[in-house]
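Here is how the chains run, residue by residue.
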Amino acid sequence: MKRKVLLDCDPGHDDAIALLLAAYHKDIELLGVSVVSGNQTLEKTGLNTLNLCQYLNIDVPVSLGSSRPIIKEEEVCEVIHGESGLDGVDFPELNMQYDSRKAVDLIIDILMESKEKVSVVTTGPMTNLALAIRLEPKIMNHIEEVVLMGGSYTNGNVSPAAEFNIFTDPEAAHIVFNSSLKVTMIGLDVTRKVLVLPEIVDRMEKINNHASKLFVDLMKVFNENQRKVFGFPGGPLHDPVTIAYLINPDILTIEHMHCSIDISHGPSYGRTNCDVFDYNHLEKNTYVATDIKVDMFWDLIEKTMKEGQ
Ligand code: BDR
Ligand code: CA
C-alpha cells in the first residue's frame, strides 16, 4: 500500500527534489503541498512550488501558508537559493493556481478527511504545522509521524549551534517536538553526507529526461553557491532525505533520544539539543537520524527520475 504524505516546504533547490521524489515514487501518495516562507519570501516559495508542480505535472492542491515565523522576523536564504529562491531554471508561463484554502486549513482538511494515517513531511520552517496543531489538535490522531529536515546534534549552518529550518522558527519547532507526535529529525549530521558531487551531476544528466534536466539545472547553481559559502565540493541535498526515508527506512540509522529546541534567545537560539548519551534521563521524544547509506540514496534518486511519473 502507498504511504500517504503531506509535504510542507519552502522551495528551495533541495525542496524541489523532495517534491519530485514524493510525487514520482510509486510507494508514495502525495496528498497536498503547503508552502511556507523560508528560503525566500512566501510569494516566491509559493510561485516556485506552482512552477515545479506544473513543470513536473504534479496534480495536487498547493496552498500558501505563513509569510513569517510565529515570533521571529522573517529570514530568507538568498545566499544559497538566489533571488528567486530557485535560481537556475526558467519555467514556462504559469497556468496552475493555488488552492483557495490557507495552508493550515489544507493541512487540517487533508488530515481529518484521511481514513489512513498520514506522514507529514516538513522541509522548511515548521510554522504551518505548528499553527495547524494549535488550531485543530485533533489532527494529531491522523498523523502517522512527522518527518522533518532540520536541526543538527553537531554544528549548525546559520550559527555555530543552529540549522536554518529550526533557527528560522524555533518556537514552531518547539511546538511540534513537544506535541507527543512521533517526530523523526533528519538533520545536517546526515544530510551533509549526501553531496551532489560533479560525478552525481554527470550521472543524473545521463538520464536525459524532463526530471533530470530540472535536477541538473538546479544543482549547478546550488553547488556553486554551496561551494562559495561553505567550501563544499558539492551541495548537501538535505530535503529529499525525508522522502527517501519514508520510501525505504533502511537508508537511515535512527536513534531514539530526548531533544529540546533552544528557544532561549541566547547564542544557541534554534539549536536542537539532542541528548545522544542520555545524560538527563528525560523522556525520549525524538527519533534522530545518525547515519545514512549514501549509495542507496543516490540509487533511489536515479531510479525514481528514470522511471518518471
Ligand atoms: C535547510 O535549509 C534550506 O536552505 C534547505 O532547503 C533545507 O531545508 C538546510 O539547512
Ligand atoms: Ca527547505
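Presented here is an overview of the structure given in this document.

1. Details of the overall build of the protein
When its secondary structure is counted, the protein shows twelve helices and twelve strands. In terms of overall size, the protein behaves like a compact globule, its C-alpha atoms giving a radius of gyration of 18 Å where 309 residues would be expected to give roughly 19 Å. For the protein, the spread of C-alpha atoms along the three principal axes comes to 50 × 40 × 40 Å. By the burial criterion, 59% of the 309 residues in the protein qualify as buried. Counting contacts in the protein only where the partners sit at least 6 residues apart, residues at least 24 apart contribute 84% of the total. Here the protein carries 27 positive and 45 negative side-chain charges, and the mean point of each set is 4 Å from the other.

2. Quick word on the pattern of salt bridges
Evaluated as defined, the whole model comprises 15 salt bridges. The residue Lys220 makes a salt bridge to Glu205 at a minimum N-O spacing of 3.9 Å. Placement of the pair is Lys220 in helix 10 (residues 210-230) and Glu205 in helix 9 (residues 198-205), with a sequence separation of 15 residues. As a salt-bridge pair, Lys303 and Glu307 come within 3.1 Å of each other at their nearest N and O atoms. Of the two residues, Lys303 and Glu307 are both situated in helix 12 (residues 294-307); the distance of four residues between them amounts to about one turn of the helix. By relative accessible area, which is 48% here, Lys303 ends up partly exposed. Here the salt bridges do not stand alone but share partners, grouping Arg203, Asp299, Glu302 and Lys306 into one network.

3. Some words on the site of ligand 1
All residues adjacent to ligand 1 are Asp14, Asp15, Asn39, His81, Thr123, Met149, Asn157, Glu163, Phe164, Asn165, His238 and Asp239. Residue Asp14 places a side-chain N or O atom 2.6 Å away from an oxygen atom belonging to ligand 1. Contact between ligand 1 and Asp239: an oxygen atom at 2.6 Å from a side-chain N or O atom of the residue. The fraction of the free accessible surface of ligand 1 (290 Å²) that becomes covered by protein chains is 96%. Residues belonging to the shell around ligand 1 are distributed by class as follows: two nonpolar, six polar and four charged.

4. Let's talk about the pairing of strand 2 (residues 28-35)
Taken across its eight residues, strand 2 has seven buried, putting it largely inside the fold. Here seven bridges tie strand 1 (residues 3-9) to strand 2, and the two strands are oriented parallel to one another. Across the sheet, Lys4 pairs through a bridge with Glu29, a residue of strand 2. A crossover links strand 1 with its parallel partner strand 2, the connecting element being helix 1 (residues 13-24), and its sense is right-handed. Each parallel crossover has a hand, and for strand 2 linked through helix 2 (residues 42-56) to strand 3 (residues 62-64) it is right-handed.

5. Digging into the coordination of the calcium ion (ligand 2)
Note on metal sites: the ideal angle is 109.5 degrees for four tetrahedral donors, and 90 or 180 degrees for six octahedral donors. Ligation of the calcium ion (ligand 2) by protein atoms is provided by Asp10 (OD), Asp15 (OD), Asp15 (OD), Thr123 (O) and Asp239 (OD), these donors lying 2.2 to 2.5 Å from the ion. Written as a sequence motif, the donor residues of the calcium ion (ligand 2) are D-x4-D-x107-T-x115-D. Here Asp10 falls in the buried class, since its relative accessible area comes to 0%.

6. Quick look at the nonpolar core
Core analysis: the biggest nonpolar cluster contains 63 residues, and Phe215, Phe297 and Trp298 have the highest contact counts within it. When residues of this core are assigned to their parent elements, the largest contribution, eight residues, is made by helix 1. Core analysis: the second largest hydrophobic core is formed by 33 residues, Ile139, Val146, Ala172 and Leu181 among them.

7. Comments concerning the sheet that holds strand 1
The sheet built from eight strands is open, its strands ordered 3-2-1-4-5-6-12-9 with mixed pairing. Only two strands of the sheet have a single partner each, and these edge strands are strand 3 and strand 9 (252-257). Direction aside, the axes of adjacent strands within the sheet are offset by 25° on average. Inspection of the sheet shows strand 4 (residues 118-122) paired to strand 5 (residues 143-149) by five bridges, in the parallel sense. By the bridge assignment, Val118 is partnered in strand 5 with Ile143. The strands touched by helix 1 within the sheet are strand 1 and strand 2, with strand 2 carrying the most contacts at an inclination of about 145°. Together, strand 1, strand 2, strand 4, strand 5, strand 6 (183-186), strand 9 and strand 12 (286-292) form the strand contacts of helix 11 (residues 240-247), whose direction differs from that of strand 5 by roughly 140°.

8. Considering helix 9
Inspection of helix 9 places Ile200, Val201 and Met204 among the buried residues, and these make up the whole buried set. Along the axis of helix 9, the buried positions cluster into a sector of 100°, meaning they face one direction only.

9. Concerning the side chain of Asn128
By secondary structure assignment, the location of Asn128 is in helix 5 (residues 127-135). Taking the relative accessible area as the measure of exposure, Asn128 reaches 0% and is therefore buried. Reaching out from Asn128, the side chain makes a polar contact with the side chain of Asp8 at a distance of 2.9 Å. Polar contacts involving the side chain of Asn128 include one to the main-chain carbonyl oxygen of Val35, which spans 2.9 Å.

Basis of the calculations
Residues numbered from 1 in each chain as written. Chains lettered and ligands numbered in written order. Predicted model: local features only at pLDDT ≥ 70, side-chain atom pairs only at ≥ 80, totals over all residues. Heavy atoms only, no water. Helix = DSSP H or I, 4+ residues; strand = E, 2+ residues; numbered from the N terminus. Rg over C-alpha atoms; globule rule 2.2 N^0.38 Å. Buried < 20%, exposed > 50% of the residue type's maximum accessible area, 1.4 Å probe, protein only. Contact = heavy atoms within 4.5 Å. Lys, Arg positive; Asp, Glu negative; His and termini not counted. Charge placed at Lys NZ, Arg CZ, Asp CG, Glu CD. Salt bridge = Lys/Arg side-chain N within 4 Å of Asp/Glu carboxyl O. Near = heavy atom within 4 Å. Polar contact = N/O pair within 3.5 Å; in protein donor to acceptor, adjacent residues only side chain to side chain. Areas by Shrake-Rupley, 256 points an atom, 1.4 Å probe, with all protein chains shown as cover. Nonpolar A, V, L, I, M, F, W, Y, C, P; charged D, E, K, R; others polar. Pairing = 2+ DSSP bridges. Right-handed = clockwise from strand over helix to strand, strands pointing away. Donors = N, O, S within 2.8 Å, 3.2 Å for Na, K, Ca; no water. Core = buried A, V, L, I, M, F, W, Y, C linked by side-chain atoms within 4.5 Å. Axes fitted to C-alpha atoms, helices over the stretch in contact; angles between N-to-C directions. Arc of directions from axis to C-beta.

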